[in-house]
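The residues making up each chain are set out below.
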Amino acid sequence: GYLRIATTDAQGNYTLSGLPAGTYTLTPSKGGYTFSPNPPSITVPPNRPGVDFKGYDKFPIVFVHGWNGLIRDPLCNQVEPDDYFEQIDEQLQAANYYVGYARLNSTWCGTPAIWRNALLLDDAIQHAKIVTNRSRVILIAHSMGGLVSRAYVEGDKYDDDVASLFTFGSPHQGVPTDVTTLLALRAYLDGYSSLGEYCSDEKQEAACEFTVGMGIKEFNENYSTRRDGVNYHIISGAAPFLPRTPRGILGDRLLQGSDDGAVQTASGLGLSGDLDRWQTGEAHADLFGPNNYFANHVR
């Protein structure tokens, strides 16, 4: 057989010339990088003008979106994650991260239990690993997505494949009473006499897992083991006045830190060990806007 080695130019182009007719396997290599396609080899005829490879020197990122149950949509359209996360995905792609999305099942018509959506997150993680030939990923999760991520990372199907978990405005210890009132209103608009009846119908089963009195305690009992080797980062906004009631605003004053409008910054994870906690200047719905956390922290 023939072994030829070529070094790329500054633009990443290379040339292999003078090869006899036949089929060859091209394998890219660079210290600290993995390459796609995976396995990083491709068979080409000698007259092919070029082959493109993508190299990755960072863990891939998987975005995990939140609950979509308050938006009235009779067509039950699912979230488009690329729009949901605004420009943050483009910023990270520009920083040479591979970006993938968990496409959770969450619409006005129904959101299943969090553990069921964790199976869809698992699918997205496995895909990102295959595309990049990396063994672990970084999860960036908003709102309910943080609980879905924990249900995967702390669950029995975990495959030791998450390096870091960033949760933005996730109700790790439940949503404030103000938000529970919104959930009850949502149940009323759907024709239910109470939030409990709404939950028992399993139409929006996940929504009831957010509440302090009905679901989050059981959730934290089911997912109570913080995984070794996974860095947890808790990020919440510092906008306490909307949609808080006067009682909720007073409660904010008594909490450690302020509130992003849906989740207290002091909510933590209900788990032992040190956690990174950060505050942004944005409310729950705008955590990924122009002043997002990653604008000043991406490396």
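Everything below is about the structure printed above this text.
Keep in mind it's a predicted model, so treat the numbers as computed, not measured.

Draft legend 1. Fine view of the nonpolar core. Grouped together as the largest cluster of nonpolar side chains are 49 residues, with contacts concentrated most on L121, L139 and V162. If sequence neighbours within four positions are ignored, V162 has contacts with I125, R136, V137, L139, Y152, V153, G229 and V230.

Draft legend 2. Representation of the pattern of salt bridges in the model. According to the stated counting rule, one finds eight salt bridges in the structure shown. Between E154 and R150 there is a salt bridge, with its nearest N and O atoms 3.1 Å apart. Residue classification places E154 among the buried residues on the basis of a relative accessible area of 7%. Close ionic contact of E221 with K217 constitutes a salt bridge, the shortest N to O distance being 2.7 Å. Of the two residues, E221 and K217 are both situated in helix α8 (residues 212-222); the distance of four residues between them amounts to about one turn of the helix. Connected through shared salt-bridge partners, K129, D159 and D161 make up one network.

Draft legend 3. Helix α3 (residues 114-132), seen in detail. Under the 1.5 Å per step criterion, the end-to-end length of α3 is 27 Å for 19 residues, consistent within 8% with the ideal 27 Å. Phi turns positive one or two residues past the end of α3, at N133, with a value near 60°.

Draft legend 4. Molecular detail of a nonpolar patch on the surface. Side chains of L70, L182, L185, Y188 and L189 sit close together on the surface and give an oily, nonpolar patch of about 500 Å² of accessible area. Relative to the elements of secondary structure, L70 occurs in the loop between β5 (61-64) and α1 (81-84).

Draft legend 5. Spotlight on the state of the cysteines. One pass over the structure, following the stated rule, counts two disulfides. The disulfide bridge from C76 ends at C109, spanning 1.5 Å between sulfur atoms. Because the sign of the S-S torsion sets the handedness, a value of about -65° for the bond joining C76 and C109 places this disulfide among the left-handed ones. Of the two residues, C76 is situated in the loop between β5 and α1 and C109 in the loop between β6 (99-102) and α3; the sequence distance between them amounts to 33 residues. Judged by its relative accessible area of 25%, C76 is partly exposed. There is a disulfide in this structure between C199 and C208, and the S-S distance comes to 1.1 Å. Here C199 and C208 share a disulfide; its torsion about the S-S bond, -70°, makes the bridge left-handed. In terms of burial, C199 and C208 fall into one category: buried. Taken N- to C-terminal, the disulfide-bonded cysteines of the protein are connected 1-2, 3-4.

Reading the values: the criteria
Residues numbered from 1 in each chain as written. Predicted model: local features only at pLDDT ≥ 70, side-chain atom pairs only at ≥ 80, totals over all residues. Heavy atoms only, no water. Core = buried A, V, L, I, M, F, W, Y, C linked by side-chain atoms within 4.5 Å. Buried < 20%, exposed > 50% of the residue type's maximum accessible area, 1.4 Å probe, protein only. Contact = heavy atoms within 4.5 Å. Salt bridge = Lys/Arg side-chain N within 4 Å of Asp/Glu carboxyl O. Helix = DSSP H or I, 4+ residues; strand = E, 2+ residues; numbered from the N terminus. Expected span 1.5 Å × (residues − 1). Patch = residues over 30% accessible without salt bridge, like charges linked within 9 Å, V, L, I, M, F, W, Y side chains within 5 Å. Areas by Shrake-Rupley, 256 points an atom, 1.4 Å probe, with all protein chains shown as cover. Disulfide = S-S within 2.5 Å.

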